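For reference, the chains in residue letters:
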Amino acid sequence: MRKIVETVSLSTILAFAMMSNAHAYIDPGSGSVLTTAIIGFFAAIAYTFRKYFYKLKNLITGRSTSGKRR
Amino acid sequence: MKNTVALTTSHAASIIADEGSFRDRNNRVYRSDTRVLRGVSSEALRNWQDISQETFFRDLVAAGKVVVTDDVSSSVDAEHATLRTWEGVLAHQLIPFISYPYEWSFGMLKDAALLHLDIIEEAISNGWILKDCSAYNVQWANCKPIFIDIPSFERYAEGDPWRGYRQFCMMFLYPLMLKAYKGIDFGLLLRSNLEGIDPVFAAKLLGGPTRLRKGVFSHVHLHAKMQERAAKRELAEARRLTESAKGELSKSFRARHSLAMVLGTIQGLRRTVEKMRSPDEQTTWGNYDTDHSYSDASLEAKKRFVVKHASAAQREMVWDIGCNTGTFSRLCEPYAENVISIDGDAKSIDRLYHHERAREKSKLLPLIVNLSNVSPNQGWRGAERKALEKRGRPQLVLCLALIHHMVIAANIPMDEFVSWLHELGGDLIIEFVSATDDMSRMLLRNRVDQYQNYTVERFEELVAQKFTIVDSEELKGGHRKIYFLRHR
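Residues numbered from 1 in each chain as written. Chains lettered and ligands numbered in written order. Predicted model: local features only at pLDDT ≥ 70, side-chain atom pairs only at ≥ 80, totals over all residues. Heavy atoms only, no water.

So, the overall build of chain B
Here is the rule we go by: Only DSSP runs of H or I covering at least 4 residues are called helices, and only runs of E covering at least 2 are called strands; the numbering of each starts at the N terminus. Radius of gyration: over C-alpha atoms. The globule rule applied is 2.2 Å multiplied by the number of residues raised to the 0.38 power. Exposure categories follow from relative accessible area, calculated using a 1.4 Å probe and restricted to protein chains: below 20% of the type maximum is buried, above 50% is exposed, and the middle band is partly exposed. In what follows, residue pairs with any heavy atoms lying within 4.5 Å of each other are defined as contacts. The accessible surface values rely on the Shrake-Rupley method and a 1.4 Å probe; as for residues, cover is taken only from the protein chains in view. Asp and Glu count as negative and Lys and Arg as positive, but His and the ends of the chain are not part of the count. Positions of charges follow a simple convention, taking NZ of Lys, CZ of Arg, CG of Asp or CD of Glu.
Scanning chain B from terminus to terminus reveals 15 helices and 16 strands. In summary, chain B has a C-alpha radius of gyration of 25 Å against a globular reference of 23 Å for 488 residues, a match within 12%. The principal-axis extents of the C-alpha atoms in chain B amount to approximately 80 × 60 × 45 Å. Every one of the 488 residues in chain B was classed for burial, and the buried ones make up 56%. Considering only contacts within chain B whose residues lie at least 6 apart along the sequence, 71% involve residues at least 24 apart. Per element, the accessible surface of chain B, about 22100 Å² overall, is 49% carbon and sulfur. Put simply, chain B has 66 plus and 63 minus side-chain charges, and the middle of one group is 5 Å from the middle of the other.

Written out as structure tokens, the structure reads:
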């Protein structure tokens, strides 16, 4: 019985030790690249829409398109 | 602002490596009292040679947005053994006083964030980008933010993501959101987390209805979710790999980021940051300069005393500790190259910053520092970010209507406080606020009175041990007394 308890305790300790060991290798930045891809996808649509909207607006109003738009 | 950096090749021995500059292996900053040099690798030197020819970069420098830098590789003294191990050496315009984001007000961090976005947008449109986005890469000159990390500029290849995004969120966006959306001052969080606020932690702080505020769902909650998902995946992979060294690593996530994606994200962030307002801005802004307990006559007498002794010499640096609205900092301005205006109240400092930013060539640098717990030495080996007192030595210190807060409210013994003032190394203009003054009585109202030693006689006895009392004058009908003390 004592042996079983010892084995179980040891495995638990080892499992936790391995877990914290594994945690230390996680790169928190890898989720950020995925986030920039998702946010960037929608931002690109908005950016392109704004770009053409202002081009069209400037064409109608006769203004130069060289001005910076944000 | 000077357009070239003065460089002398003397004082070789006094050049030391900056203990906070070690993360980018392509360069290192070296400092002496009079100049800032940067040793750069061949790659960083090539980048510098290329970018210094770019019109957009020259325009940023001319506008005071990027630090003035010269290539001084050919004139570096042979005695600079360490510097000669680098391929090249750059000299930077000297920043009067180094400050850290945890000492900045909301308006300061916001302007620093907008400066970063400005620079990245200009750079990316010209085939360059900033490889990181650390708030520590911004410093202040004439109350304007200035970008100081030249080797951060690198060539941008279309298709690459903006790698500084995560750092921008952690060091700028989340702290600003905390103040703008929740009214939480970010200083203490940034002081204990030098890398900024992690997305998962930010998501916990910005939950509930705040999710609906501009940018919170995408930049905070989506970001935190993605980070947690990636962490789970990598944790499973790490468990698999610990069995042997022959496991195959999964490839890192790659997605082509078009220029429109990167520029769209940056412009979106700009709109989010520009719209953020501090909740403090909506209160008591009309009462500027009236936040004191003086009659007009007493205030004029105090101002005259300060000007009389501040104007006696032209000084390199003056510190106004407990500056409140900065009235007395501005009085010292004509007689000092730089005035560091320090107060523990974030609202006062933000108000002062907005006031000074609107003035042309203000010499003030407003900073939020709790004077009973000033910014410590911290970071790697306790040396990466320096304590307030290690970053400059004032020739004159203004300590007006502060001592009662230190001795009564913060319970700092008066002899300790006087010793600390002496260690700052400068002459001192100090106002003693007696226990009979209304403001002291307010502080004493709910306390056990253990301040029998807090008397003008004991104060004079203590300061006389370390300073020479040159001049003094009673104020507010004798309840206060102002002194000019010469350091010795």
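Notes on the overall build of chain A
When helices and strands are counted, chain A shows two helices and zero strands. Residues counted as buried form 26% of the 70 residues belonging to chain A. Within the structure as shown, chain A displays about 5300 Å² of accessible surface, and the carbon and sulfur contribution to it stands at 70%.

What to know about helix H2 (residues 30-61) of chain A
The criterion, for reference: What a helix is expected to span follows from its residue count: subtract one and scale by 1.5 Å. Consider a residue and the seven residues that end there alongside the seven that start there; fitting an axis to each set, the bend is the angle between those axes.
For H2(A), with 32 residues, the first-to-last C-alpha span of 46 Å sits near the 46 Å given by 1.5 Å per residue. Along its length, H2(A) shows its largest kink, about 25 degrees, at A:Gly40.

Concerning the nonpolar core
All names here are of chain B. Selection criterion: Buried residues of nine kinds, namely Ala, Val, Leu, Ile, Met, Phe, Trp, Tyr and Cys, make up a nonpolar core once their side-chain atoms join them within 4.5 Å.
Ranked by internal contacts, the top residues of the largest apolar core, which has 125 residues, are Phe-153, Trp-162, Phe-168 and Ile-321. Looking at this core, the element that brings in the most residues is helix H4 (residues 165-182), giving 13 residues. Beyond its immediate chain neighbours, meaning those up to four positions away, Phe-168 contacts Ala-113, His-116, Leu-117, Cys-133, Trp-162, Leu-173, Leu-269 and Val-273. Counting residues in each nonpolar core, the second largest holds 24 residues, with Leu-299, Val-318, Cys-332 and Val-339 among its members.

Here we look at a negative patch on the surface
All names here are of chain B. Spelled out, the test is: Candidate patch residues must exceed 30% relative accessible area and have no salt bridge, after which like charges are joined if within 9 Å and Val, Leu, Ile, Met, Phe, Trp or Tyr side chains if within 5 Å. Salt bridges are defined as contacts in which a side-chain nitrogen from Lys or Arg sits within 4 Å of a carboxyl oxygen from Asp or Glu.
A surface patch of like charges, here negative, comprises Glu-389, Asp-415, Glu-416 and Glu-423. Here Glu-423 is to be found in helix H13 (residues 414-423). Under the relative-accessibility criterion, Glu-423 is labelled exposed at 61%.

Observations regarding a nonpolar patch on the surface
Residue and element names in this part refer to chain A. A surface patch of nonpolar side chains, about 340 Å² in accessible area, is lined by Phe-41, Phe-42 and Ile-45. Here Phe-41 is to be found in helix H2. The class for Phe-41 is partly exposed, based on a relative accessible area of 48%.

Some thoughts on the packing of helix H3 (residues 106-125) of chain B against H4(B)
All names here are of chain B. Rules: Here an angle of 0 to 180 degrees is reported between the N-to-C directions of two axes, which are lines fitted to C-alpha atoms, with helices fitted over the stretch in contact. Small angles under 35 degrees read as roughly parallel and large ones over 145 as roughly antiparallel, with 65 to 115 read as roughly perpendicular and the rest as oblique. Left-handed describes a crossing whose near helix is turned anticlockwise from the far helix through less than a right angle; right-handed describes the clockwise counterpart. Under the grouping applied here, Gly and all other residues not named as nonpolar or charged are polar, the nonpolar ones being Ala, Val, Leu, Ile, Met, Phe, Trp, Tyr, Cys and Pro and the charged ones Asp, Glu, Lys and Arg.
Two numbers describe how H3 lies on H4: the axes approach to 10 Å, and their chain directions differ by 140 degrees. By the angle between their axes, H3 is oblique relative to H4. Relative to H4, H3 is oriented so that their crossing is left-handed. Across from Phe-106, Leu-109, Lys-110, Ala-112, Ala-113, His-116 and Leu-117 in H3, the residues of H4 making contact are Phe-168, Met-171, Phe-172, Pro-175, Leu-176, Lys-179 and Ala-180. Here the contact of H3 with H4 is composed, by residue class, of 11 nonpolar, one polar and two charged.

Details of the confidence of the model for chain A
All names here are of chain A. Convention followed: pLDDT gives the predictor's per-residue confidence on a scale running from 0 to 100.
Overall, the prediction assigns chain A a mean pLDDT of 68, with 50% of residues at 70 or greater. Low pLDDT, under 50, characterises residues 7-20; the stretch is placed with four contacts to residues that sit more than four places away or in other chains. Residue range residues 66-70 is modelled with pLDDT below 50. Its contacts to residues more than four positions away, or to other chains, number 11 contacts.

As for the pattern of salt bridges
Residue and element names in this part refer to chain B. For the structure on display, the rule yields 31 salt bridges over all chains. One salt bridge in this structure joins Asp-471 and Lys-308, with 2.9 Å as the shortest N-O distance. Residue Asp-471 is found in strand E15 (residues 467-475), and its partner Lys-308 is found in helix H9 (residues 296-310); the two are separated by 163 residues along the sequence. A residue is classified by how much of its surface remains accessible, and Asp-471, at 18% relative accessible area, is buried. We note a salt bridge from Asp-427 to Arg-486, for which the minimum N-O separation is 3.2 Å. In this pair, Asp-427 is assigned in strand E14 (residues 427-433) and Arg-486 in strand E16 (residues 480-487), connecting sequence segments 59 residues apart. Judged by relative accessible area, which is 12%, Asp-427 ranks as buried. Classification of Arg-486 by relative accessible area gives partly exposed; the value is 38%. In the salt-bridge network here, residues are joined through shared partners; they are Lys-65, Asp-118, Glu-121, Arg-270 and Glu-274.

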